[in-house]
Amino acid sequence: MTLARTLATARRVLGQLRHDPRTLALLLAVPILLMGLLAWMLPGPVFDRWGAPLLGIFPLTVMFLVTSVATLRERTGGTLERLLSMPLGKGDLIFGYAAAFALLALAQATIVSLVTFGVFELQVRGSAWLVSLVAVVDALLGTALGLFVSAFAATEFQAVQFMPVVLIPQLLLCGLLVGTDALPDVLRWISQVLPLTYAVEATREVLASPGVTATFRFDVLVIAAYVIALLGLGAATLRRRTP
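Calculation criteria
- In this convention, every chain numbers its residues from 1, walking through the sequence in written order.
- At least 70 in pLDDT is required for a residue's local features to be given in this predicted model, at least 80 for side-chain atom pairs to be given and counted, and no such filter applies to totals for whole chains, interfaces and linings, which use all residues.
- Side-chain numbers here rest on the full set of heavy atoms in the structure, without hydrogens or water.
- Between Lys or Arg on one side and Asp or Glu on the other, a salt bridge is scored when a side-chain nitrogen of the former is within 4 Å of a carboxyl oxygen of the latter.
- In this text, helices come from DSSP runs of H or I with a minimum length of four residues, and strands from runs of E with a minimum of two, each type numbered from the N-terminal end.
- Only protein chains enter the accessibility calculation, which uses a 1.4 Å probe. A residue is then buried if its area is under 20% of the maximum for its type, exposed if over 50%, and partly exposed in between.
- N or O atoms closer than or at 3.5 Å make up a polar contact, with two conditions inside protein: a donor-capable atom paired with an acceptor-capable one, and, for residues adjacent in sequence, both atoms drawn from side chains.
- Working rule for contacts: check all heavy atoms of both residues, and any pair within 4.5 Å makes them a contact.
- Put plainly, a pocket is an open set of points on a 1 Å grid over the protein atoms alone with protein on both sides within 12 Å along at least five of seven lines, a cavity is a set where a 1.4 Å probe fits but cannot get out, and a lining residue has an atom within 4 Å of a point.
- Grid points are joined across faces, edges and corners, and a volume is the space filled by probe spheres set on the points.
- Interaxial angles span 0 to 180 degrees and are taken between N-to-C directions of axes, which are lines fitted to C-alpha atoms, for helices over the stretch in contact.
- Geometric relationships in this document are graded by angle, where less than 35 degrees denotes roughly parallel, more than 145 denotes roughly antiparallel, 65 to 115 denotes roughly perpendicular, and other angles denote oblique.
- Residues were grouped as follows: Ala, Val, Leu, Ile, Met, Phe, Trp, Tyr, Cys and Pro as nonpolar; Asp, Glu, Lys and Arg as charged; and all remaining residues, including Gly, as polar.
- Ring pairs are drawn from Phe, Tyr and Trp, using the six-membered ring of Trp, whenever the two centres fall within 6.5 Å, and their geometry is named by plane angle: stacked under 30 degrees, edge-to-face over 60, tilted for the rest.
- Residues grouped as a nonpolar core are buried Ala, Val, Leu, Ile, Met, Phe, Trp, Tyr and Cys residues, joined through side-chain atoms within 4.5 Å.
- Residues enter a patch when their relative accessible area is above 30% and they make no salt bridge; the linking distance is 9 Å between like charges and 5 Å between nonpolar side chains (Val, Leu, Ile, Met, Phe, Trp, Tyr).
- Accessible surface area values rest on a Shrake-Rupley calculation with a 1.4 Å probe, where residue burial reflects the displayed protein chains alone.

Student: So what about the pattern of salt bridges? Which residues, and what values?
Tutor: Here the idea is simple: oppositely charged side chains can pair when their charged atoms come close. Within this structure, the stated rule accounts for one salt bridge. With a closest N to O distance of 2.8 Å, Asp185 and Arg188 form a salt bridge. Linking Asp185 with Arg188, this pair stays in helix H9 (residues 185-191), spanning three residues, or about one helical turn. A relative accessible area of 24% means that Arg188 is categorised as partly exposed.

Structure representation (C-alpha cells):
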C-alpha cells in the first residue's frame with residue numbers, strides 16, 4: 001500500500017460523488033432533516049436527552065448505507081476488477097475509499113452539529129464540540145462498517161438488507177432505549193462488544209459532565225480502534241468482483 005495510490009483512489013471517488021447530487025443530498029440533508037423533526041416533536045429537555053446520542057447515530061446510519069451501496073456498485077460494475085488488474089493493492093483501494101468517505105463524514109457531522117446546536121438549540125452540560133467529535137467518529141464508524149459488509153453482498157438490495165442486521169441490534173443493545181446495566185447478563189455481555197454502545201456512553205458522559213472524563217476518552221479510543229480494525233478486515237475480504 002502506498003500513500004500516492006491511496007490518495008489517487010480517494011480523489012477518484014470524490015470526483016464521482018461530486019457528480020451525484022442525490023447521494024450528496026442524502027449524506028448532508030437527511031441527518032439535518034431528522035434532527036429537525038426530532039426537535040419539532042420533543043420539548044426542550046427531552047430533545048436534549050435524546051438529541052445528543054441521535055446526533056451521532058443518524059450520520060452513522062446514512063454513511064453505512066451510502067458507503068456499502070457505493071462500494072458494491074463499483075464491484076458489480078467491474079470497476080474494482082479493472083483497478084485491481086493495475087499495480088494497486090487492496091489496502092490502497094479500501095483506505096482510499098475510506099479517506100474519501102471520511103471527508104464526507106467529517107463534513108456531514110460538522111454541518112449537522114452546527115445546525116443542531118445553532119438552529120435547533122440542543123443543550124448539553126459539557127462542550128458541544130465533544131458531542132460533535134462523537135458524531136464524527138460515529139460517521140467514520142458507519143463508513144468502516146459499510147466498506148466491510150459490502151464484501152458479503154451480491155447486489156445493492158442485499159447491501160441495504162445488511163442495515164437491519166448490523167445496525168438494529170446495536171440500537172437495541174447500546175443503552176439508548178434501555179440502560180446496559182438493566183439488560184440480562186448475556187445481552188449485557190454482547191453489548192460490551194458492540195461499538196455503538198461506546199458511542200452512546202461517550203455522549204452520555206458529555207451530557208453528565210462539563211469536562212472531558214476518562215470514560216469519554218476511553219469510549220472514543222474504542223470506536224477509533226473499531227474503525228481501524230474494520231478497515232483492515234475490509235481490505236482482507238475485498239474481492240475483485242461479485243459473482
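Student: An account of the environment of Tyr226 is needed here, citing residue identities and associated values.
Tutor: Tracing the sequence through the fold places Tyr226 in helix H11 (residues 214-237). The spacing of Tyr226 and Leu140 is 86 residues in sequence and 9.9 Å in space, taken between C-alpha atoms.

Student: Give me the lowdown on the side chain of Thr116, citing residues and values where you can.
Tutor: With respect to the secondary-structure elements, Thr116 resides in helix H5 (residues 90-118). Residue classification places Thr116 among the buried positions, given a relative accessible area of 0%. Among the polar contacts made by the side chain of Thr116, one reaches the main-chain carbonyl oxygen of Val112 at a distance of 2.6 Å. With residues up to four places along the chain from it excluded, the contact list for Thr116 reads Met35, Phe47, Leu55, Glu121 and Leu122.

Student: Residues and numbers for the layout of surface pockets, please.
Tutor: Any space left empty among the atoms is revealed by the rolling of a water-sized probe across them. By volume, the second largest pocket amounts to about 200 Å³. Lining of the second largest pocket is provided by Cys174, Gly175, Gly179, Thr180, Asp181, Gln192, Thr197, Tyr198, Val200, Glu201, Arg204 and Glu205.

Student: Before we move on, could you go through the packing of helix H6 (residues 128-149) against helix H10 (residues 195-208) and cite the residues and values that matter?
Tutor: Running from N to C, H6 and H10 cross one another at 170°; their axes reach a closest spacing of 9 Å. One finds that H6 runs roughly antiparallel with respect to H10. Residue-level inspection shows Leu130, Val131, Val134, Asp138 and Leu141 of H6 in contact with H10, the latter providing Pro195, Ala199, Ala202, Thr203 and Val206. The residue makeup of the contact of H6 with H10, split by class, is eight nonpolar, one polar and one charged.

Student: Quick rundown of the packing of aromatic side chains? Include the residues and the values.
Tutor: Under the counting rule described, the total for this entry stands at two aromatic pairs. Centre to centre, the rings of Phe148 and Phe152 are 5.3 Å apart; their planes meet at 75°, and the pair counts as edge-to-face.

Student: Describe unusual backbone geometry, with residues and values.
Tutor: You will see that Glu121, though not glycine, has its phi angle at about 60°, which is positive. By the secondary structure assignment, Glu121 is in the loop between H5 and H6.

Student: Hey, could you go over the nonpolar core for me, with residue numbers and the actual values?
Tutor: Core analysis: the largest hydrophobic core is formed by 64 residues, its most contacted members being Leu55, Phe101, Leu141, Leu145, Phe216 and Leu231. Breaking this core down by element, the ones donating at least two residues are helix H1 (3-18), helix H2 (21-41), helix H3 (44-76), H5, H6, H10 and H11. For Phe101, the contacting residues outside a window of four places in its chain are Val13, Leu17, Met63, Val66, Thr67, Ala70 and Thr143.

Student: Give a detailed account of a nonpolar patch on the surface, specifying residues and quantitative values.
Tutor: There is a patch of nonpolar side chains on the surface, built from Val186, Leu187, Trp189, Ile190 and Val193 and spanning about 470 Å² of accessible area. Along the polypeptide, Leu187 turns up in helix H9. By relative accessible area, which is 33% here, Leu187 ends up partly exposed.

Student: Tell me what's going on with the side chain of Thr203, and back it up with residues and numbers.
Tutor: Here Thr203 is to be found in helix H10. Overall, the relative accessible area of 2% leaves Thr203 in the buried class. Residue contacts for Thr203: discarding those within four places in its chain leaves Ala52, Pro53 and Val134.

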